[in-house]
Amino acid sequence: MIDLSSLTIKKAHDHLMKGDFTAVDLAKTYLAQIEKKNKDINAYLEVFADVLEQAAVADKRIAEGKSTLLTGIPLAIKDNILIEGRHAGSASKILEGYIATYDATAIKKLKAAGAVFLGRTNMDEFAMGGSNENSAYGPVHNPHDEARVSGGSSGGSAASVAMNGALAALGSDTGGSVRQPASFCGVVGLKPSYGRISRNGLMAMGSSLDQIGPITKNVEDSEILYSFLKGNDPMDSTTLPDKINSTATDEKMKSGKKLTIGVPMHLMKEGVDADVLKNYNEAIERYKSLGYEIKEVTLPNSGYALAVYYVLMPAEASSNLARFDGIKYGMHVDGENLIDDYVQTRTAGFGKEVRRRIILGNYILSAGYYDAYYNKANLVSELIRSDYEKAFEEVDLILTPTSPLPAFKIGEKLADPLQMYLADIFTVTANLTSMPAISLPSGVVMKEGKSLPLGVQLTAPLYREDLLFTVGKDFLNEKV
Ligand code: GLN
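Residues numbered from 1 in each chain as written. Predicted model: local features only at pLDDT ≥ 70, side-chain atom pairs only at ≥ 80, totals over all residues. Heavy atoms only, no water.

### Overview of the site of the ligand
Around the ligand lies a shell of 16 residues, among which Thr174, Gly175, Ser177, Tyr309 and Arg357 are the nearest. With respect to the ligand, the backbone of Ala127 contributes an N or O atom lying 2.8 Å from a nitrogen atom. When residues of the shell around the ligand are assigned to their parent elements, the largest contribution, three residues, is made by helix H10 (residues 305-320). Per-class residue counts for the shell around the ligand are six nonpolar, seven polar and three charged. (Near = heavy atom within 4 Å. Polar contact = N/O pair within 3.5 Å; in protein donor to acceptor, adjacent residues only side chain to side chain. Helix = DSSP H or I, 4+ residues; strand = E, 2+ residues; numbered from the N terminus. Nonpolar A, V, L, I, M, F, W, Y, C, P; charged D, E, K, R; others polar.)

### Some thoughts on the pairing of strand E2 (residues 74-78)
Counted residue by residue, E2 has five buried out of five residues, so it is predominantly covered. Sheet topology note: the E2/strand E3 (residues 116-121) ladder contains five bridges and is parallel. Paired with Lys78 across the two strands is Thr121, which belongs to E3. The parallel pair E2 and E3, bridged by helix H4 (residues 105-113), forms a crossover whose chirality is right-handed. As defined by bridge partners, E2 adjoins strand E6 (residues 168-173) across three bridges and the pair is classed as parallel. (Buried < 20%, exposed > 50% of the residue type's maximum accessible area, 1.4 Å probe, protein only. Pairing = 2+ DSSP bridges. Right-handed = clockwise from strand over helix to strand, strands pointing away.)

### A look at the pattern of salt bridges
Going through the model one piece at a time under the given rule, you end up with 29 salt bridges. For Asp145, the salt bridge is made with Arg148, and the minimal N-O distance between the two is 3.1 Å. Note on Arg148: relative accessible area 6%, which makes it buried. Linking Lys278 and Glu282 is a salt bridge whose minimum nitrogen-to-oxygen distance equals 3.3 Å. Linking Lys278 with Glu282, this pair stays in helix H9 (residues 274-289), spanning four residues, or about one helical turn. Residue Glu282 is classed as partly exposed on the basis of its relative accessible area, which comes to 42%. (Salt bridge = Lys/Arg side-chain N within 4 Å of Asp/Glu carboxyl O.)

### With respect to the side chain of Asn320
As for its position among the elements, Asn320 is in helix H10. If we skip the residues at most four places from it in the chain, Asn320 touches Ala204, Met205, Gly206 and Ser207. (Contact = heavy atoms within 4.5 Å.)

### Brief notes about the packing of helix H2 (residues 23-41) against helix H3 (residues 51-63)
Two elements in contact, H2 and H3, have axes whose closest approach is 8 Å; the angle formed by their N-to-C orientations is 155°. As summarised for this structure, H2 and H3 are arranged roughly antiparallel, according to the angle between their axes. At the point where H2 passes H3, the crossing takes the right-handed sense. Residues Ala23, Val24, Ala27, Lys28 and Leu31 of H2 form the contact with H3, whose own contacting residues are Val51, Leu52, Ala55, Ala56, Ala58 and Asp59. Counted by class, the contact of H2 with H3 contains nine nonpolar, no polar and two charged residues. (Axes fitted to C-alpha atoms, helices over the stretch in contact; angles between N-to-C directions. Parallel < 35°, antiparallel > 145°, perpendicular 65-115°, else oblique. Left-handed = near helix turned anticlockwise from the far one by under 90°.)

Shown next as structure tokens:
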């Protein structure tokens, strides 16, 4: 029997190389676990029928001595990332019947490395949400307490890893959708710097904010997946070559000095759960005991981050989602004329939250309000970025909780979208500033007899994912 609970990408790779088990054995073990768990968790929308064939191809490659670290590694893929010839639906009814005509660049890279795709994971419809309750196919249940949400929008991806139904997964993060479900489910979630991983083949929500990110069991696996996924892509003009200018931080690291972590204590006020705050303070203590210097920082414009995000994101989303007109992709409902076709299809195909954001986004972009909202939000976003840049003159990384709350109950916040939006307070800034951030499991809190995971978030300067990995491994006591 393969023990899935302690398996990581690195360990599975070593076992595959030594011949302790084959990729087919490994895939079978995951399929059995999915069979056992998925009916209660609802993490997968589809488990692919050809998993064992994919694994057999990986075994052949291993036998030929041509494997990579990812050959034969079983992964789960969020339902908004295209895999050629397979259904991709963003957990929306409007895309029912849509088959992807090409591979996302991230998928192409994983295929080239020999990874095995187990299936596509549940999500908030079009990645709008923070609880996975906006899926057209039902919520994802948290594997740690099935009465609670998994977080979102990549809830299916995070839950698939947490329930040992995948070794790792891909999610997408526009305002926290990789990091927040990772923290609710007790796993690691990375949002890379904007432009690090190609968005080609990722269904666009907020194009200036979206990034694909890995969800894994430890930091080392996150680093492994990231190293395969990153890089310049001619299909996405916002991607960048991999180049880092050496900074004062590098000098410190070279001389063996520990880094300085900034803590914005002024953000830890009302709205932050007492258990989350306690856990955050413990994380600070842990870093102190590891020899890091802790320094208080101020981010004066952070109070505007949520307002800015919830102006920019719906604006961009409303324009991106205009392509779902009932003609080009998926569902079509016949109306009395062409305009009526659009109206009927979009009314039947989109869920409540998606319609809410389209209406909001169109209002924000309308001729009369564009300057007042969209342009203003962009200006304030610049201020938020400059706060971070200033803070990074004094500290090497910034630590906050990932979410102000542990996983909440399914249904608890559905009636009040504003309450739901407030839960994104710590995550949206990394998307607004384009900076990389990682959520690390930081312990548990007992609620009603169940132990719920909590997470802390490290943010680094632009393109410094390497710092997140080094300092993240330290926190989780992974050998560096
Ligand atoms: N919870 C945020 C929202 O609802 C983040 C979504 C995301 O990152 N895709 O927009």
